[in-house]
Amino acid sequence: MVNVYELARRRKSIRRYFSDPVPLEHVLYAIKTAMQAPSGANRQPWRFIIVDDPKVKSEIRRVAEEWERKLHESETIPGWFREWLRERGITWRKDFLTDAPYLIVVLANKRAPYARESVWLAVGYLLLALEEKGLASLTYTPTNPRAIARILWVPEQYTLETIIPVGLPRGDKVKEPRMSLEEAVYYNRWGSHG
Ligand SMILES: Cc1cc2nc3c(=O)[nH]c(=O)nc-3n(C[C@H](O)[C@H](O)[C@H](O)COP(=O)(O)O)c2cc1C
């Protein structure tokens, strides 16, 4: 039985996928786990749309890339971020939106208290549950979430928070480094190491 730290340590963002099918029950297990997360006033503001229809995936990709391309070609991306993206080979192309067998579109009910905080907390649970099942994932945050929500007939009351491709990883990607406990944790006062 693998512990939570081990799952968290192992889990990494994957941007290239095989199109091989993976069990839907694993995806549902991960969503069931996500739904155990706490939420503001227990309003459970999350909704999930599982997309496996190639036509719908293609349409999502077309719209996502249209906006990504505009962003990548504009001057708005700061230099350090452009370099970070370049080093990782991240471009406006989002092959994972059509390659991954499943996309989980995560929505938040705007009218619920702390909706976004609650939904992202649930996303954290979801990622770990996918990792437990040996499935790769990415929290892709599209440039124009509303345009994609429209394709999926999402009502105005819900915002599209992220699209999570789920599948088997293609290629070997290293996990991004993490800072040390010392760098991130203080005791009693900012900057104090006790
Ligand atoms: C809120 C949030 C938004 C993100 N948006 C994107 C995104 O749009 N595209 C992408 O390729 N990665 C995205 N990521 C993934 C991060 O780049 C990744 O988690 C980070 O670089 C650490 O890498 P690791 O997850 O492999 O450890 C996002 C992550 C978070 C938490």
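Look a little higher up for the structure.
This report concerns the structure included in the present document.

**Digging into the overall build of the chain**
Logical step 1: Scanning the chain from terminus to terminus reveals eight helices and four strands.
Logical step 2: In sequence order, the secondary structure elements of the chain are arranged as α-α-β-α-α-α-β-α-β-α-β-α.
Logical step 3: Taken over C-alpha atoms, the radius of gyration comes to 18 Å for the chain, in line with the 16 Å a tight globule of 194 residues would show.
Logical step 4: For the C-alpha atoms alone, the extent of the chain along its principal axes is close to 55 × 40 × 35 Å.
Logical step 5: The buried share among the 194 residues of the chain stands at 27%.

**Comments concerning the packing of helix H2 (residues 24-34) against helix H6 (residues 115-132)**
Logical step 1: Running from N to C, H2 and H6 cross one another at 145 degrees; their axes reach a closest spacing of 8 Å. The hand of the H2/H6 crossing is right-handed. Across from Tyr 29, Ala 30, Ile 31, Thr 33 and Ala 34 in H2, the residues of H6 making contact are Ala 122, Val 123, Tyr 125, Leu 126, Ala 129 and Leu 130.
Logical step 2: Looking at the contact of H2 with H6, its residues break down into 10 nonpolar, one polar and no charged.

**Brief notes about the sheet that holds strand E4 (residues 158-167)**
Logical step 1: Read from one edge to the other, the open sheet built from four strands follows the order E1-E2-E4-E3, with strand pairing classed as antiparallel. Among the strands making up the open sheet, the edge pair consists of strand E1 (46-51) and strand E3 (136-137).
Logical step 2: By the bridge criterion, eight bridges tie strand E2 (residues 102-109) to E4 in an arrangement that is antiparallel. Within the sheet, the bridge partner assigned to Ala 108 lies in E4 and is Thr 159.
Logical step 3: Where H2 meets the sheet, it contacts E1, E2 and E4, and its direction lies at approximately 170 degrees from that of E1.

About the thresholds
Residues numbered from 1 in each chain as written. Predicted model: local features only at pLDDT ≥ 70, side-chain atom pairs only at ≥ 80, totals over all residues. Helix = DSSP H or I, 4+ residues; strand = E, 2+ residues; numbered from the N terminus. Rg over C-alpha atoms; globule rule 2.2 N^0.38 Å. Buried ≥ 20, exposed ≤ 12 C-beta atoms within 10 Å, placed from the backbone. Axes fitted to C-alpha atoms, helices over the stretch in contact; angles between N-to-C directions. Left-handed = near helix turned anticlockwise from the far one by under 90°. Contact = placed C-beta atoms within 7 Å. Nonpolar A, V, L, I, M, F, W, Y, C, P; charged D, E, K, R; others polar. Pairing = 2+ DSSP bridges.

Nothing here speaks to function; it is all geometry.
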